[in-house]
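Observations on chain architecture
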Amino acid sequence: MSYRTEYDDSMNDPEGFWRRQAGALEWFKFPQQILTQDADGIGTWFADGEMNTAYMALDVHVKNGRGEQTALIFDSPVTDTKAKYTYAELTDAVARTAGMLADLGVVKGDRVIIYMPMIPEAVISMLAVARLGAIHSVVFGGFAPPELALRIDDATPKVILTASCGIEVKRIIEYKPLVDKAIELAQHKPQSCVVFQRRVTHATLIEGRDHDWATLLEKSKAVGCTPVKGSDPLYILYTSGTTGKPKGVVRDNGGHAVALKYSMKAIYNVEPGDVYWAASDVGWVVGHSYIVYGPLLHGCATVLYEGKPIMTPDAGALWRVIAEYGVKSFFTAPTAFRAVKKEDPEAKLMAQYDLSKLQVIFSAGERLDPPTQQWLIEKSGKTVVDHWWQTETGWGITANLWGVEPLPVKFGSSTLPTPGFDVRILDENGTQLARNEQGYIALKLPLPPSCMNRIWGDDNKFRENYLQFLPGYYTTGDGGYIDEDGYVFVMGRVDDVINVAGHRLSTGEIEEVVAAHPAVAECAVIARDDELKGQVPMGLVVLKSGISVDEAELQQQMVNRIRDNIGGIACYKDTVILARLPKTRSGKTLRKTLNKIVNGQPYNVPSTIDDPGVIQEIIETLRRKGFAV
Ligand code: COA
Ligand code: AMP
């Protein structure tokens, strides 16, 4: 099969193509409606199919005789723990945890927030919620209480599942006080909070609301899988947009299961029984799709790694795990590779491990910069494939389909559109641009299975945020071009979303926190290029008149405010005091120009600027403060 045949097939007969892929899964009732579209072209896949994602991911394999095969490998250098679960063991743990949730009153359609570190109970919780036909919303453990509170208010969960702590390299992060604070801040109060007590710290429980996980689990009984419709939501995952408030991306059960199952062979070229590892966190979409659901739907063994690419204990950590478990397909973010390259440039640690089972290294989350890709290829001798995707799609929009037809890798490109994705480069009027011309990357509707078709709690917001700008198309928020061979080059966001170490954040959200400082009159938060993390946020502030502050003190106060309100993962460090910001005559801050200046790139001064003199003033201030601009 060639890539071209496969892709054309998905475009010429989408319903036939995806009906065939749906046949690879075991449904309670096979869908008759494959794709239904509304007047705006928004699609729903497999709406009338009856299924359960946890059943497809676990019980089916046990039923088909794979019960003794490894399903989950837990490797935690930070606690010096290793464990393996077979499909039978994982199914049992999930069924009992689902029983525990059912005892707390969780039923189909209820929301459950999961705020947990990278431990097996996090994976078990997600699948247990799915087993009940309920909806999980996993919140990344690095988010601070106000961020968790926003999600509690939006998802209105009946139950929160958490653990006593997360373990970072240099410290233990007690989760329970963060959850308590978030519940205090939120308007919505969940009925129950279940706490998994880890050996290192023991959380204090609030009587009446909080429960000890082990105690509840001991009393619970295994429950079966609740059938849901293909169009019923499996999860809500919040992601940063251009506004201060994160958006709840809704993922339907049917399309999600079909697309992920298909991708495991088509993109990653793995077979049931192979070991697959996505080194991410279950709090991100990569973790949802490729630590939990994709590998399990396909019958692979998935690796859950509680550690870092470096420091746990060294830059050989990734290669150690790959060798130890015989990982065939490995996937992480460029930041992780850059961190390893920085610590071990000659790849001496890599050379100590047997990587012979590893077939291909996949990268996503941010653009894989050519020097890092080159280094990885040279040192590992493996093919290194970049693929581009978003929380909204749940799987790769562009990729090199390793299980269909491996194509030549081009540095800086995430290769060709994945089947089902009609990728176009448009200008702001919706006119398609020529090859090699840079513009907005848009996806022609309908989107393939797994892609979002609504925002939790507000259908219109999906239309407004994604469809209104270029009617008939989904706007990705990324800019880039397609070359003469059809290869897609994603060059970065065209909105206020920034990517810090593969983590998606909104400059607007950070700006709200910076602006709330009592000394600040106005500010702009800009993404500064960073050698390791890709981008880091930087605050440019103008003080209220008559106020003078110590700059170092202000700097530290801002760092603390961002940590307390958003979380350490924002990696916010620099705040620079400016006399004024560049503005248009109508008073709009020229963020794009500022961005280019801060990153030492050529910039245009728009003719609408209020006072061109401000640009030179800012450059001089930044230089005086040691920035190479
Ligand atoms: N819970 C609580 N805090 C967390 C956290 C979590 N789950 N994850 C990160 N943090 C904290 C860290 O402790 C750190 O705090 P500190 O500034 O007090 O030390 C801060 O958030 C920043 O974390 P991180 O970005 O992980 O930086 P680091 O310097 O500790 O590690 C790397 C650097 C490169 C090793 C790390 O960024 C990394 O592994 N990146 C790859 C990311 C990735 O895999 N993304 C996949 C998305 S697809
Ligand atoms: P998230 O929703 O957190 O997965 O972030 C999605 C965003 O990350 C995309 O819109 C891109 O800006 C960026 N991104 C992810 N993968 C890639 C890639 N392979 N190349 C370039 N950008 C990427």
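All figures in this text were calculated on a predicted structure; none of them were measured in a lab.

**Considerations on the environment of His61**
- Mapped onto the elements, His61 comes out in helix 3 (residues 53-66).
- On the basis of relative accessible area, His61 is assigned to the buried category, the value being 8%.
- For His61 and Ser2, which are 59 residues apart along the polypeptide, the C-alpha to C-alpha distance reads 30 Å.
- Once residues within four sequence positions are removed from consideration, His61 is found in contact with Met56, Arg66, Gly67, Tyr87, Leu296, Leu297, His298 and Gly299.

**Here we look at the site of ligand 2**
- Lining the immediate surroundings of ligand 2 are 15 residues, of which His387, Thr391, Asp478, Arg493 and Arg504 lie closest.
- Within the side chain of Thr391, an N or O atom sits 2.5 Å from an oxygen atom of ligand 2.
- One of the side-chain N or O atoms of Arg493 is found 2.7 Å from an oxygen atom in ligand 2.
- Taken by itself ligand 2 offers 490 Å² of open surface, and the protein chains cover 93% of this.
- Put simply, the parts of the chain that give the shell around ligand 2 at least two residues each are strand 21 (388-389) and strand 27 (488-493).

**Description of the layout of surface pockets**
- Taken as a whole, the second largest pocket spans an internal volume of roughly 420 Å³.
- Those elements that place two or more of their residues in the lining of the second largest pocket are helix 14 (459-467) and strand 26 (473-482).
- The greatest single-element share of the lining of the second largest pocket, amounting to four residues, is contributed by helix 14.
- Partitioning the lining of the second largest pocket into residue classes produces five nonpolar, seven polar and six charged.

**Examining the nonpolar core**
- Ranked by size, the top nonpolar core spans 117 residues in total, and within it Leu127, Leu161, Val282, Tyr290, Tyr293 and Phe331 carry the most contacts.
- Discounting residues that sit within four places of it in the chain, Leu127 has contacts with Ala54, Ala57, Leu58, Val94, Val292, Tyr293 and Leu296.
- By size, the runner-up hydrophobic cluster in this structure holds 41 residues, among which are Val520, Ala527, Val536 and Ile562.

**Looking at the state of the cysteines**
- Here the structure, examined in full by the defined rule, presents zero disulfides.
- Cys571 forms no disulfide, and the closest cysteine sulfur to it belongs to Cys523, at a distance of 19 Å.

Conventions we followed
Residues numbered from 1 in each chain as written. Chains lettered and ligands numbered in written order. Predicted model: local features only at pLDDT ≥ 70, side-chain atom pairs only at ≥ 80, totals over all residues. Heavy atoms only, no water. Helix = DSSP H or I, 4+ residues; strand = E, 2+ residues; numbered from the N terminus. Buried < 20%, exposed > 50% of the residue type's maximum accessible area, 1.4 Å probe, protein only. Contact = heavy atoms within 4.5 Å. Near = heavy atom within 4 Å. Polar contact = N/O pair within 3.5 Å; in protein donor to acceptor, adjacent residues only side chain to side chain. Areas by Shrake-Rupley, 256 points an atom, 1.4 Å probe, with all protein chains shown as cover. 1 Å grid on protein atoms, 1.4 Å probe; cavity = no way out; pocket = protein on both sides within 12 Å on 5 of 7 lines; lining within 4 Å. Points joined across faces, edges and corners; volume = space filled by probe spheres on them. Nonpolar A, V, L, I, M, F, W, Y, C, P; charged D, E, K, R; others polar. Core = buried A, V, L, I, M, F, W, Y, C linked by side-chain atoms within 4.5 Å. Disulfide = S-S within 2.5 Å.

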